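The residues making up each chain are set out below.
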Amino acid sequence: MIIVKVGGSAGIDYDAVCADLAARWKAGDRFILVHGGSGETNRVAEALGHPPRFVTSPSGYTSRFTDRETLEIFEMVYCGKMNKGIVERLQRLGVNAVGLSGLDGRIFEGRHKDSVRVVENGKTKVLRGDHTGTVERVNTDLLTLLLHAGYLPVLTPPAASYEGVAINVDGDRAAAALAVALRADALLLLSNVPGLLRAYPDESSLIGHIPAPDVEQYLEFAQDRMKKKVLGAAEAVQGGVRRVVFGDARAGEPITAALAGAGTVVS
Ligand code: ADP
């Protein structure tokens, strides 16, 4: 079992990801696809007059502040346009994909964090009304049911809180929790960069290999959202996943390339 997470940044080639996935699925490999949608969500939120608000925690992590209206726009794009766009591509390629959010069947479940500590203009503040959280449990029964019946699950945030409220969760860390829960052979985190860069944005500074026990030391090279990927990789390897790859989803055969050792391999 391989968990593939494809991001939502500009430049990602979803046709290439789906073509590669379909070919390998037909050859007998088993996958679950998790996807993002941040770029498109930002565009739609602007168009609807509710622009995104990104906040930075005191420890330097950037996240989307998700009030109720933002959550609804987030769902329109992630569960609607992005999820159905990917499912349609896979269906056209002859793969019986099923698109679900983490809310459906409580596939992703976690604690709702209503308030967030943020740093703005050098001052720490507490913002309330946030619909975010972290995945703590995965409904592997439902996923196993689908996989055994021959369906390819295509998953997206939000998750369900323990109270049944939709919460925005980080897709990379959700994919890591999924990989741990299903004891996956590998977790591929595909985005619009060649991998983890030592001197971002210089693509020639690609870090080829990270020894699994050292992965947290590499947080220092990751800025803003890349930090979540490194954190997700650390959670996956600490949870027993033997290989995590930060790979490039901009062209070619992104899954085959990542499995062949392209990108940054954490092992
Ligand atoms: P996605 O939505 O595709 O999963 P993110 O935007 O969350 O991706 O994270 C990937 C982004 O992280 C890259 O597009 C890049 O701008 C940024 N980034 C920050 N630091 C690094 C780094 N050291 N190496 C590679 N990318 C980095």
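Note that the coordinates shown come from a computational prediction; the quantities given were computed from them, not determined experimentally.

## Topic: the packing of aromatic side chains
Note on aromatic pairs: each is described by the distance of the centres and the angle between the planes. All chains considered together, the criterion is met by 2 aromatic pairs. A centroid spacing of 3.9 Å and a plane angle of 20 degrees characterise the contact between Phe74 and Tyr78, whose relative ring orientation is stacked. Linking Phe74 with Tyr78, this pair stays in helix 3 (residues 68–92), spanning 4 residues, or about one helical turn. Across this residue pair, the class does not change: Phe74 and Tyr78 are buried. Here Tyr218 and Phe221 contribute two aromatic rings whose centre-to-centre distance is 5.7 Å and whose plane-to-plane angle is 50 degrees, an arrangement assigned as tilted. We classify Phe221 as buried; its relative accessible area is 18%. The cationic tip of Arg53 hangs over the ring face of Phe65; the distance from NZ or CZ to the ring centre is 5.6 Å.

## Description of the UniProt feature "site: Transition state stabilizer" (unreviewed entry) in the protein chain
Under the feature "site: Transition state stabilizer" (unreviewed entry), the UniProt entry names Lys5 and Lys229. Spanning 225 residues, the annotated positions come together in the fold, the maximum distance between their C-alpha atoms being 10.2 Å. Note on placement: Lys5 falls in strand 1 (residues 2–6). Note on Lys5: relative accessible area 5%, which makes it buried. If we skip the residues at most four places from it in the chain, Lys5 touches Val34, His35, Gly36, Gly171, Asp172, Ala175, Leu188, Leu189, Leu190 and Lys229. One polar contact links Lys5 to Asp172, side chain to side chain, over a distance of 3.1 Å. Looking at the secondary structure, you find Lys229 in helix 6 (residues 226–238).

## Focus: the UniProt feature "domain: Aspartate/glutamate/uridylate kinase" (unreviewed entry) in the protein chain
Under the local residue numbering, the UniProt record ascribes the feature "domain: Aspartate/glutamate/uridylate kinase" (unreviewed entry) to residues 1–246. In this annotation, residues 1–246 is assigned 33% helix and 30% strand; the end-to-end C-alpha distance for the span is 17 Å.

## Some words on empty space enclosed by the protein
All chains considered together, the criterion is met by 1 cavity of 30 Å³ or more. In this structure, the largest cavity occupies an estimated 40 Å³ of space. The wall of the largest cavity is formed by Thr41, Ala45, His50, Pro52, Arg64, Thr70, Ile73 and Phe74. Elements with a contribution of two residues or more to the lining of the largest cavity: helix 2 (38–47) and helix 3. Considering every element that reaches the lining of the largest cavity, the biggest residue donor is helix 3, with 3 residues. Residues belonging to the lining of the largest cavity are distributed by class as follows: 4 nonpolar, 3 polar and 1 charged.

## Looking at the layout of surface pockets
Its volume calculated, the second largest pocket comes out at about 240 Å³. Taken together, 14 residues form the lining of the second largest pocket, with Gly8, Tyr14, Glu40, Arg43 and Met82 sitting closest to its centre. In terms of residues, the lining of the second largest pocket owes the most to one element, helix 3, which gives 5 residues. Across the lining of the second largest pocket, the residue classes break down as 5 nonpolar, 5 polar and 4 charged.

## Considerations on the pairing of strand 7 (residues 123–138)
Note that strand 6 (residues 108–120) and strand 7 share 12 bridges and pair antiparallel. Along strand 7, the bridge assignment pairs Glu109 with Arg137. Linking two consecutive strands that pair antiparallel, namely strand 6 and strand 7, is a turn of 2 residues; a positive phi of about 50 degrees is found at Asn121 within it.

Criteria and thresholds
- Residues numbered from 1 in each chain as written.
- Predicted model: local features only at pLDDT ≥ 70, side-chain atom pairs only at ≥ 80, totals over all residues.
- Heavy atoms only, no water.
- Phe/Tyr/Trp six-rings, centres within 6.5 Å; stacked < 30°, edge-to-face > 60°.
- Helix = DSSP H or I, 4+ residues; strand = E, 2+ residues; numbered from the N terminus.
- Buried < 20%, exposed > 50% of the residue type's maximum accessible area, 1.4 Å probe, protein only.
- Lys NZ or Arg CZ within 6 Å of the ring centre and 35° of its normal.
- UniProt positions renumbered as here; feature names shortened; annotations may be inferred.
- Contact = heavy atoms within 4.5 Å.
- Polar contact = N/O pair within 3.5 Å; in protein donor to acceptor, adjacent residues only side chain to side chain.
- 1 Å grid on protein atoms, 1.4 Å probe; cavity = no way out; pocket = protein on both sides within 12 Å on 5 of 7 lines; lining within 4 Å.
- Points joined across faces, edges and corners; volume = space filled by probe spheres on them.
- Nonpolar A, V, L, I, M, F, W, Y, C, P; charged D, E, K, R; others polar.
- Pairing = 2+ DSSP bridges.

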